[in-house]
Amino acid sequence: MHLGATIRLLRVDAGLSLRDLARRIGVSSAYLSRVENGLDAAPTPERLAAIARELDVPPALLVDVTYRVSPFVAHYLEQVPGASMLFLELARRNLSGHQLARVREFLDAEFPVRAAGQEVPVPALASLLAPERMVLHLTCTALEDALDVAAGRLAAACPGVSALRVMSELKRREAEASSMVGSGVAVPHAFIEHAAPLAALVTLAKPLQAETPDRVPLRLLVVLVGGERGRAHLMRLAHVARLASHGLAERLAGEDQPQQLLARLTELEALR
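On a predicted model such as this, the values are computed, not experimentally measured, just so you know.

Definitions and limits used
- Residues take numbers from 1 onward in each chain, read along the sequence in its written order.
- pLDDT decides what is reported in this predicted model: residues at 70 or higher carry local features, side-chain atom pairs at 80 or more are listed and counted, and totals for whole chains, interfaces and linings draw on all residues regardless.
- Note that the side-chain values use all heavy atoms of the structure and ignore hydrogens as well as water.
- We count a stretch as a helix when DSSP gives it H or I for four or more residues in a row; a strand needs E for two or more, and each element gets its number in order from the N terminus.
- Our radius of gyration is a C-alpha quantity, and the globule rule it is checked against amounts to 2.2 Å times the number of residues to the power 0.38.
- Three labels apply to residues, based on accessible area from a 1.4 Å probe with only protein chains included: buried if under 20% of the type maximum, exposed if over 50%, partly exposed otherwise in between.
- In what follows, a contact means two residues having at least one pair of non-hydrogen atoms within 4.5 Å.
- Each accessible area value is a Shrake-Rupley result obtained with a 1.4 Å probe; residue values ignore everything except the protein chains displayed when judging cover.
- Between N-to-C directions, angles span 0 to 180 degrees; the directions come from axes that are lines fitted to C-alpha atoms, helices contributing only their stretch in contact.
- Under this scheme an angle from 65 to 115 degrees is roughly perpendicular, one under 35 degrees roughly parallel, and one over 145 degrees roughly antiparallel; angles in between are oblique.
- Classes in brief: Ala, Val, Leu, Ile, Met, Phe, Trp, Tyr, Cys and Pro nonpolar; Asp, Glu, Lys and Arg charged; the others, Gly included, polar.
- Here, patches come from residues exposed beyond 30% relative accessible area and free of salt bridges, joined within 9 Å for like charges and within 5 Å for nonpolar side chains (Val, Leu, Ile, Met, Phe, Trp, Tyr).
- Salt bridges are counted wherever a side-chain nitrogen of Lys or Arg sits within 4 Å of a carboxyl oxygen of Asp or Glu.
- One bridge is not enough; two strands pair if DSSP finds at least two bridges between them.
- Residues grouped as a nonpolar core are buried Ala, Val, Leu, Ile, Met, Phe, Trp, Tyr and Cys residues, joined through side-chain atoms within 4.5 Å.

K.L.:
Just checking my understanding: could you explain the overall build of the protein chain for this structure?
P.N.:
Within the protein chain, the secondary structure is distributed over 13 helices and 6 strands. Radius of gyration (C-alpha) of the protein chain: 19 Å, near the 19 Å computed for a compact globule of 272 residues. Referenced to the eigenvectors of the C-alpha coordinate spread, the extents of the protein chain come out at roughly 55 × 45 × 35 Å. Each of the 272 residues in the protein chain was classed as buried or not, and the buried ones make up 44%. Of all intrachain contacts in the protein chain linking residues separated by at least 6 positions in sequence, the fraction that spans at least 24 positions is 72%. Summed over its atoms, the accessible surface of the protein chain is roughly 13,900 Å², and 53% of this surface lies on carbon and sulfur atoms.

K.L.:
It is not clear to me how the side chain of Asp13 should be interpreted in this structure. Could you clarify?
P.N.:
Looking at the element boundaries, Asp13 is found in helix H1 (residues 3-13). Take Asp13: its relative accessible area is 5%, and that puts it in the buried class. Apart from the residues within four sequence positions on either side, Asp13 is in contact with Arg173, His189, Phe191, His233, Leu234 and Leu237.

K.L.:
What should I look at first to understand the packing of helix H2 (residues 18-25) against helix H3 (residues 29-36) in this one?
P.N.:
Between two packed helices, the angle of one axis relative to the other and the distance separating the axes together describe the packing. Between H2 and H3, the least distance of the axes is 9 Å, while the angle of their chain directions is 110°. Between H2 and H3, the crossing angle belongs to the class labelled roughly perpendicular. In contact with Leu18, Arg19, Leu21 and Ala22 of H2, H3 contributes Ser29, Leu32, Ser33 and Glu36. By residue class, the composition of the contact of H2 with H3 is 4 nonpolar, 2 polar and 2 charged.

K.L.:
Which parts of the structure should I look at to understand a nonpolar patch on the surface?
P.N.:
On the surface, Val103, Phe106, Leu107 and Phe111 cluster together into a nonpolar patch covering about 390 Å² of accessible area. Along the chain, Phe106 turns up in helix H8 (residues 97-110).

K.L.:
Whenever I open this one, the pattern of salt bridges confuses me. Can you help?
P.N.:
If charged atoms from side chains of opposite charge come close, those side chains can pair. Tallying each qualifying case throughout the model produces 10 salt bridges. Between Glu54 and Arg24 there is a salt bridge whose closest N-O contact spans 3.4 Å. Note that Glu54 is positioned in helix H4 (residues 45-55) and Arg24 in helix H2, a separation of 30 residues in sequence. What makes Arg24 partly exposed here is its relative accessible area of 42%. A salt bridge links Arg172 to Glu169; its shortest N-O distance comes to 3.2 Å. Note that Arg172 and Glu169 are positioned in helix H10 (residues 163-176) at a spacing of 3 residues, about one turn of the helix.

K.L.:
Looking at this structure, how should I read the pairing of strand S6 (residues 218-226)?
P.N.:
Regular strands show a simple pattern: their side chains alternate between the two faces of the sheet. Taking burial as the measure, the 9 residues of S6 include 8 buried ones, the bulk of the element. Bridging between strand S3 (residues 185-186) and S6 involves 2 bridges; their strand directions are parallel. The partner of Val185 across the bridge, within S6, is Leu220. The pairing of strand S4 (residues 189-191) with S6 spans 3 bridges and is parallel. When the sheet's bridge partners are listed, Ala190 is paired in S6 with Val225. As paired strands, strand S5 (residues 198-208) and S6 are joined by 7 bridges and run antiparallel to one another. Residue pairing in the sheet places Val202 in a bridge with Leu221 of S6.

K.L.:
So what exactly am I meant to see when it comes to the nonpolar core here?
P.N.:
In terms of nonpolar packing, the biggest core is built from 51 residues, with Leu125, Val222 and Leu248 touching the most fellow members. When residues of this core are assigned to their parent elements, the largest contribution, 8 residues, is made by helix H11 (residues 231-245). Excluding anything up to four places from it in sequence, Val222 contacts Leu125, Ala186, Val187, Pro188, Ala200, Leu201, Val240 and Leu248. If you look at the next biggest cluster of nonpolar residues, it comprises 29 residues, including Leu147, Val202, Leu204 and Leu221.

K.L.:
Explain the pairing of strand S1 (residues 134-138) to me, please; I cannot follow it from the model alone.
P.N.:
In terms of burial, S1 is a largely internal element, 4 of the 5 residues being buried. The pairing of S1 with S5 spans 3 bridges and is parallel. Bridge assignment links Leu138 to a residue of S5, and that residue is Leu204.

K.L.:
Honestly, unusual backbone geometry in this entry has me stumped. Any pointers?
P.N.:
Glycine aside, residues mostly have negative phi angles, and peptide bonds mostly take the trans form. Positive phi, normally seen in glycine, also occurs at Asn94, with a value near 50°. Look at Asn94 and you get exposed, because its relative accessible area is 64%. Located in the positive-phi region is Arg215, a residue other than glycine, with phi close to 65°. Relative to the helices and strands, Arg215 resides in the loop between S5 and S6.

Quick look at the structure:
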């Protein structure tokens, strides 16, 4: 997974220059540039939290993109060793995503998070999708081909908006900064005035050799449109990057039916 690509993606959409973000978190522009380009090690959890605050996204999103297993979990297990037995019991029972979601519902009901530390809910990706906006096993030779197909599907769900306009906005945003977040996933997006948030999803029949930040060929595109550039949008981008770091492309690329893919995505989001 390439954390730097995610930071750059969020920074550009937040309207911050490299110098602005570096100044706000107290580092040099050269250091931040090296992080964004994958030339330096991932920042510490504390510095990631500072970056997240300036980008107005929950720190846990960036921490999870980076470490897969949050250092907060590791710290908790150090403080409460008995909790490791519960994790082992969950693994031993081989609970499915749906079953784990039921466990989480129980925890939320019986042991609600204190208001002061409550995590901000992340907008669910599955809620923005529909079977008619899922294109599975697309054969293409360039990113633009996949974007063109996705633009058509999204325009059909946006009254008064043409596929040409969606495509134009997708290309314009892509020219500002690449939407490749690594692990075979890209999240192209377009801002269309007054458009409700929507998503299209494209899986590729063959991995596409594109300029990805981690050199992993592109396998899946999550294409977003919406009318606002606010916090919900930034959180959604970070959420897709987090899903990518947890194997989104691998888990969805083999699905043959939109409904099955949507169910798998819903299950994966319930675990995050």
